[in-house]
Each structure stands twice: as structure tokens, then as C-alpha cells.
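Per-entry structural report
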Amino acid sequence: MASPAYEQILKVQAVDLQLTQLRHQHEHHPARRTVAEAEQTVAALALDLLSIDDRRHELDRDRKRLEDEAALLADKRTGIDRKLYGGEVTASKDLLALQDEAAMLKTRQDEVEDRELEFMEQLEEIDGERAALEDQRSNAESELSGLRDRLDEALSGLDAEIEAAEASRAALAADADPVLLARYGELRDQYGGVPVARLVNGACDGCHIHLSAMAVDQMTKLPDDAVVTCEECGRLLVR
Ligand SMILES: [Zn+2]
């Protein structure tokens, strides 16, 4: 049976190991990656929406240009009609020329208006695409929000466990032998968080090397709370 002082240090070590695991779980929780992926999806959809808005803007600008051109042609035709029917032009040669020009303008205006119609159809298509994208984004956002809630829940559960472990660590440390506790603290990093080993059947269960009979004999003669280390690996040894 190990001395109470060493048993206490073993308890501190167990809680410290638990704390290390909990902090690792907190930092590397799998839901963090899921949330990050969902964030990327939302960001990508936002970019898609921006680019579709750019495309729509360009198309509408081109459509507007055609609309203006058609209006200009219509104005010109009105002017020609005024001349044709206003009575100022009477020579039949001039009237014919005006009629030709009016017909040419009408053809041109029809062409421009047809092209404008094509642009309007494309704009309608884009509006449909945009609405579908907006739906996708809205779904992705609510999925993200759900994933964030789940992550927060998981993390606050871990926070509570960490807090409880820290409290019990503090209580255990307060009752521990200060010299052993200090030695334990110094050795922790060096031994990956497990600087205390047990002596089992003459072997250190940290490095699994059998100690010399003389070393074991010397150890048994020391007082219960003496600082005893494995001669092979340097861990604190619980006898
Ligand atoms: Zn050892």
C-alpha cells in the first residue's frame, strides 16, 4: 500500500490527465469542423449571389441601352411622320424618300426591340436562378445556425466538466504534500503528463524496467513521504 502522500499525487495526476483530455476535446471538437464547412458553404453561396447580381446588372444595362435606342428610333419616326403628313413636304420624290426612311427606321426599331426582348428573357432566367440560389443560401444559413447551436451546447458541456475537474484538482492540490506536488509539477512536461509511476513487483510501471534489488531495498527503508524516483527513467515512484 502506497503512502497517502503518494496516493494523493496519483489522484492529482489522474485529474490532470482528465483535464488535458477535456481541453483537447474542447479544442478539437469534431463539430468545429462541421461548422467551419457550413460557414464555407454559406460564404460560397454569398459569392455566387454577388456574381449573379453583377451579371444581372450588366444584362440590364445592355437591355436599357437597347430600350433607349428603340425610343430614339421611335422619336425619329414621329418626326418623319410629322413631315410626311404635315403638308410641308409636297414633292412626291421627297415624300417617297421620307417613306423609305420611315420604313428603314421601323425595321431597325423592330430589330432593336426584338433584341431587347431577348435580354428581358435572359433577365427572367437569371432572376429564377437568383431565387433558387437565395433559397439555397437561406437553407445553408439555417443549417449553419443549427450546427453552431449544437457546437455551443457541446462546448458548454465540456466547459462545465473542465470547471468541475479544475475545482477537484485545486482541492486535491491543497491537501497534497507540497514537496511532492512541486516535484510532480516539474516533471509533468518531461513525462507527457504522467511523471508518477508505481513500483510493481520490483519494476517501475512507467519505464517497465526492473530496479536493482539494492535500489528497491533502499527505497523500502525510506520514510513514506520521501521523494523517491526511478533510477532508470526519473519518474516519481509510488512504493
Ligand atoms: Zn522508471
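Since this is a predicted model, take the numbers as computed values, not measurements.

We now examine the overall build of the chain. Counting its regular elements, the chain contains five helices and three strands. Seen in sequence order, the chain has helices and strands lined up from the N terminus as α-α-α-α-β-β-α-β. The buried share of the chain, reckoned over its 239 residues, is 31%. Counted over contacts in the chain with a minimum sequence separation of 6, partners at least 24 positions apart contribute 74%. Here the chain has roughly 15200 Å² of accessible surface; of this, 51% comes from carbon and sulfur atoms.

For the rest of this paragraph, the subject is the coordination of the zinc ion. Taken together, the protein ligands of the zinc ion are Cys-204 (SG), Cys-207 (SG), Cys-230 (SG) and Cys-233 (SG), with distances of 2.2 to 2.4 Å. Around the zinc ion, the four donor atoms are arranged such that angles at the metal cover 102 to 115°; this shape is classified as tetrahedral. In the primary structure, the donors to the zinc ion are separated according to the pattern C-x2-C-x22-C-x2-C. With a gap of 29 residues between them, Cys-204 in strand 2 (residues 203–204) and Cys-233 in the loop between helix 5 (213–221) and strand 3 (236–238) connect regions that are remote in the sequence.

A word on a negative patch on the surface. Together, Glu-113, Asp-114, Glu-118, Glu-121, Glu-124 and Glu-125 make up a negatively charged patch on the protein surface. By relative accessible area, Glu-124 is classed as exposed at 61%.

Under the domain assignment, the chain is made up of domain 1 (27–175) and domain 2 (181–238). Using C-alpha coordinates to define each centre, domain 1 is positioned 71 Å away from domain 2.

What follows deals with the pattern of salt bridges. One pass over the full model with this rule turns up 21 salt bridges. Arg-23 serves as the salt-bridge partner of Glu-166, at 2.8 Å between the closest nitrogen and oxygen. In this pair, Glu-166 sits in helix 3 (residues 92–174) while Arg-23 sits in helix 1 (residues 4–27), placing the two residues 143 residues apart along the sequence. Owing to a relative accessible area of 37%, Glu-166 belongs among the partly exposed residues under this scheme. Glu-67 is the partner of Lys-64 in a salt bridge, and the nearest nitrogen-oxygen pair spans 3.8 Å. One end of the pair is Lys-64 and the other is Glu-67, both in helix 2 (residues 30–86) and three residues apart, which spans about a single turn. The class for Lys-64 is partly exposed, based on a relative accessible area of 38%. Each of Asp-60, Arg-63, Lys-64, Glu-67, Asp-68 and Glu-116 takes part in a single network of salt bridges with overlapping partners.

Our focus in this paragraph is the nonpolar core. Ranked by size, the top nonpolar core spans 58 residues in total, and within it Ile-9, Leu-181, Tyr-184, Val-196, Leu-236 and Leu-237 carry the most contacts. Sort the elements by how many residues they give to this core and helix 3 lands first, with 18 residues. When residues are assigned to domains, this core turns out to be shared by domain 1 (27–175) and domain 2 (181–238), each giving three or more. Excluding residues that lie within four positions of it along the chain, Leu-181 makes contacts with Ile-9, Val-12, Ala-173 and Ala-176.

Moving on, we come to helix 2. Compared with an ideal rise of 1.5 Å per residue, which puts 57 residues at 84 Å, helix 2 spans 83 Å between its outermost C-alpha atoms and is within 8% of the ideal. Just past helix 2, the residue Gly-87 takes up positive phi, approximately 90°.

With that out of the way, let us pick up the sheet that holds strand 1 (residues 196–200). Strand order across the open sheet formed by three strands is 2-1-3, with mixed pairing between neighbours. Two strands bound the open sheet, and with one partner strand each, they are strand 2 and strand 3.

Reading the values: rules and limits
Residues numbered from 1 in each chain as written. Predicted model: local features only at pLDDT ≥ 70, side-chain atom pairs only at ≥ 80, totals over all residues. Heavy atoms only, no water. Helix = DSSP H or I, 4+ residues; strand = E, 2+ residues; numbered from the N terminus. Buried < 20%, exposed > 50% of the residue type's maximum accessible area, 1.4 Å probe, protein only. Contact = heavy atoms within 4.5 Å. Areas by Shrake-Rupley, 256 points an atom, 1.4 Å probe, with all protein chains shown as cover. Donors = N, O, S within 2.8 Å, 3.2 Å for Na, K, Ca; no water. Tetrahedral: all angles 85-135°; square planar, octahedral: opposite > 155°, others 65-115°. Patch = residues over 30% accessible without salt bridge, like charges linked within 9 Å, V, L, I, M, F, W, Y side chains within 5 Å. Salt bridge = Lys/Arg side-chain N within 4 Å of Asp/Glu carboxyl O. Lys, Arg positive; Asp, Glu negative; His and termini not counted. Charge placed at Lys NZ, Arg CZ, Asp CG, Glu CD. Domains from an automatic or database assignment. Core = buried A, V, L, I, M, F, W, Y, C linked by side-chain atoms within 4.5 Å. Expected span 1.5 Å × (residues − 1). Pairing = 2+ DSSP bridges.

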